[in-house]
Amino acid sequence: MNRAISPAVSRFALRVPSLETTAAWLLAIIWIFPLLYAIWAAFHPPAYMVRFDLFAPLTLDNFANAWAQAPFARYYFNTFLLVTGVVLAQFVVCTLAGFAFARFPIPGRDALFMLVLIQLFVFPEVLIVENYRIASGLGLVDTITGIGLPYVASAFGIFLLRQTFKTIPRELEEAARVEGCGWMAILLKVYVPLAKPTYLAYGLVSISHHWNNFLWPLVVTNSVESRPLTVGLGIFSAPETGVNWATVSAATLLSIAPLLVAFLLFQRQFVQSFLRAGIR
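Below is a summary of the structure that appears in this document. Model, not experiment: these values are computed from the prediction.

1. Here's the deal with the overall build of the protein chain
Looking only at helices and strands, the protein chain features 14 helices and 0 strands. Relative to its full complement of 280 residues, the protein chain shows a buried share of 35%. Sequence separation of at least 24 residues holds for 70% of the intrachain contacts in the protein chain that already meet a minimum separation of 6.

If you want it as structure tokens, here you go:
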């Protein structure tokens, strides 16, 4: 009898979702609900912000109002310059530092690397006052350079590239030396091409982080000429501005649209790059 029941029980167990699956779906619904509400409010008149009528009229007036009431074109341009500059600078600095920690027999190399990793345990908010003092001394307050400069040397990027470079066989490096390549040529022709999945994974994470960064840009910027999207959106949705929530929702979608579209288009490459680059 037990033998007859066990297959049926097994089939029933396969059909019943596990606790982990149920919890994952619950968290996904909680996470996506604000986004769904923002989409609803942005595409409907203000009168339907809290009235969920399936036959409510659709409109694009909220996007037109948001675009007209704030210089979002300038905010997009500033954010693009900021994110591009920071990511390119991080690639250069993290590549050189990661290569040095992975291959050069520097005295005290491991101790220096541990000092770099300490940065991962320091919250950025703790350094705001000191970073502002340095930016003010360099004359970089209210500039895009001043926003991005504290993030150029990324401990996470250095760690990720060091771990990747350490997995590359020494035989490839020795073959390049036989061909007459110096250290820089070895780095650019051997190590960097083999670490492309790592660069893709880290680049996507860095772009997402700096596109959404808010506190430090808020502190260090004072004008439209250097203000990124997140700060512009925060000022636009301030209560004293009197902007209705339908327009604020439209402005929010304008701000997150590039990242949302990029994630939907490249989510497969994003996951695969992390699987290939993983922390070895």
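2. Looking at the side chain of Ser 255
Along the chain, the position of Ser 255 falls in helix H14 (residues 245-277). Beyond its immediate chain neighbours, meaning those up to four positions away, Ser 255 contacts Phe 72, Tyr 76, Trp 211, Leu 229 and Leu 233.

3. Examining the packing of aromatic side chains
If you walk through the whole model with that rule in mind, you get 18 aromatic pairs. A centroid spacing of 6.2 Å and a plane angle of 25 degrees characterise the contact between Phe 113 and Phe 159, whose relative ring orientation is stacked. Of this pair, Phe 113 sits in helix H5 (residues 109-117) while Phe 159 sits in helix H8 (residues 155-166), and the two are 46 residues apart along the sequence. The pair formed by Phe 113 and Phe 159 is uniform in burial state, with each residue classed as buried. Among the aromatic residues, those joined into a cluster by ring pairs are Trp 67, Phe 72, Tyr 75, Tyr 76, Trp 211 and Phe 236. The ring centre of Phe 113 lies 4.1 Å from the NZ or CZ of Arg 162, which sits over that ring.

4. Examining the packing of helix H4 (residues 72-103) against H5
Running from N to C, H4 and H5 point in directions that differ by 145 degrees, and their axes come no closer than 10 Å. The interaxial crossing formed by H4 with H5 has left-handed handedness. For the pair H4 and H5, contact is made by Ala 100, Phe 101, Ala 102 and Arg 103 and by Arg 109, Leu 112, Phe 113 and Val 116, respectively. Partitioned by chemical class, the residues of the contact of H4 with H5 number 6 nonpolar, no polar and 2 charged.

5. Let's talk about the pattern of salt bridges
In the structure shown here, the tally under the stated rule is 3 salt bridges. Where Arg 103 meets Glu 173, a salt bridge forms, and the shortest distance between an N and an O atom there is 3.3 Å. Here the residue Arg 103 occupies a position in helix H4, and Glu 173 occupies one in helix H9 (residues 170-178), the gap between them amounting to 70 residues. In this structure, Arg 103 and Glu 173 share a single accessibility class: buried. With a shortest N-O distance of 2.4 Å, Arg 133 and Glu 130 are connected by a salt bridge. One end of the pair is Arg 133 and the other is Glu 130, both in helix H6 (residues 128-137) and 3 residues apart, which spans about a single turn. Members of the salt-bridge network, linked through shared partners, are Arg 103, Glu 173 and Arg 177.

6. Focus: helix H11 (residues 196-212)
The end-to-end C-alpha distance of H11, which contains 17 residues, comes to 24 Å, matching closely the 24 Å that a straight helix rising 1.5 Å per residue would cover. Considered for burial, the residues of H11 that qualify are Thr 198, Tyr 199, Ala 201, Tyr 202, Gly 203, Ser 206, His 210 and Trp 211.

7. Remarks on the nonpolar core
Within the largest apolar cluster, 23 residues are counted, with the highest numbers of intra-cluster contacts made by Phe 113, Ile 158, Phe 165, Val 190 and Tyr 191. For this core, the secondary-structure elements that each account for two or more residues are H4, H5, H8, helix H10 (183-194) and H11. Ranked by residue count, the leading element in this core is H8, at 6 residues. Here Ile 158 is in contact with Cys 94, Ala 97, Gly 98, Phe 101, Phe 113 and Val 116, once residues within four sequence places are set aside.

8. Looking at H8
With 12 residues, H8 should cover 16 Å at 1.5 Å per step; its first-to-last C-alpha distance of 16 Å lies within 8% of that length. Across the 12 residues of H8, 10 count as buried, placing the element largely inside the fold. Those residues of H8 not exposed but buried are Ala 155, Gly 157, Ile 158, Phe 159, Leu 160, Leu 161, Arg 162, Gln 163, Thr 164 and Phe 165.

9. Side note on unusual backbone geometry
Positioned with a positive phi, Asp 142 is a non-glycine residue whose angle comes to about 65 degrees. By the secondary structure assignment, Asp 142 is in the loop between H6 and helix H7 (144-148). On the accessibility criterion, Asp 142 (22% relative accessible area) is partly exposed.

10. Describing a nonpolar patch on the surface
Residues Ile 106, Leu 112, Leu 115, Ile 118, Val 122, Phe 123, Val 126 and Leu 127 make up a contiguous nonpolar surface patch of roughly 730 Å² in combined accessible area. Take Val 126: its relative accessible area is 58%, and that puts it in the exposed class.

Rules used throughout
Each chain has its residues counted from 1, following the order in which its sequence is written. Totals for whole chains, interfaces and linings use all residues, but because this is a predicted model, local features are given only for residues with pLDDT of at least 70 and pairs of side-chain atoms are given and counted only at 80 or more. Where side-chain values are given, they derive from all heavy atoms of the structure, hydrogens and water being excluded. Here a strand is any run of E in DSSP of at least two residues, a helix any run of H or I of at least four, and the numbering for each starts at the N terminus. When a residue's accessible area, from a 1.4 Å probe over protein chains only, is under 20% of the maximum for its type it is buried; when over 50% it is exposed; and in between it is partly exposed. Whether two residues are in contact is decided by their heavy atoms: any pair within 4.5 Å suffices. Two aromatic rings from Phe, Tyr or Trp, using only the six-membered ring of Trp, form a pair when their centres are within 6.5 Å; if the ring planes differ by under 30 degrees the pair is stacked, by over 60 it is edge-to-face, and anything between is tilted. Each ring is checked for a lysine NZ or an arginine CZ that lies within 6 Å of its centre and within 35 degrees of its normal; such an atom marks a charge sitting over the ring. Axis definition: a line fitted to C-alpha atoms, over the contacting stretch in the case of helices. Angles run 0 to 180 degrees between N-to-C directions. For any helix crossing, the convention is left-handed if the near helix is rotated counterclockwise from the far helix by under a right angle, and right-handed if that rotation is clockwise. Residue polarity follows a fixed list, in which Ala, Val, Leu, Ile, Met, Phe, Trp, Tyr, Cys and Pro are nonpolar, Asp, Glu, Lys and Arg are charged, and the others, Gly among them, are polar. Salt-bridge detection follows one rule: a side-chain nitrogen of Lys or Arg within 4 Å of a carboxyl oxygen of Asp or Glu. What a helix should span is 1.5 Å times the count of its residues minus one. Only buried residues count toward a nonpolar core. Its members are Ala, Val, Leu, Ile, Met, Phe, Trp, Tyr and Cys residues joined through side-chain atoms within 4.5 Å. Surface patches are defined over residues having more than 30% relative accessible area and no salt bridge, joining like charges when they lie within 9 Å and nonpolar side chains (Val, Leu, Ile, Met, Phe, Trp, Tyr) when within 5 Å. Note on areas: Shrake-Rupley with a 1.4 Å probe; residue coverage comes only from the protein chains shown.

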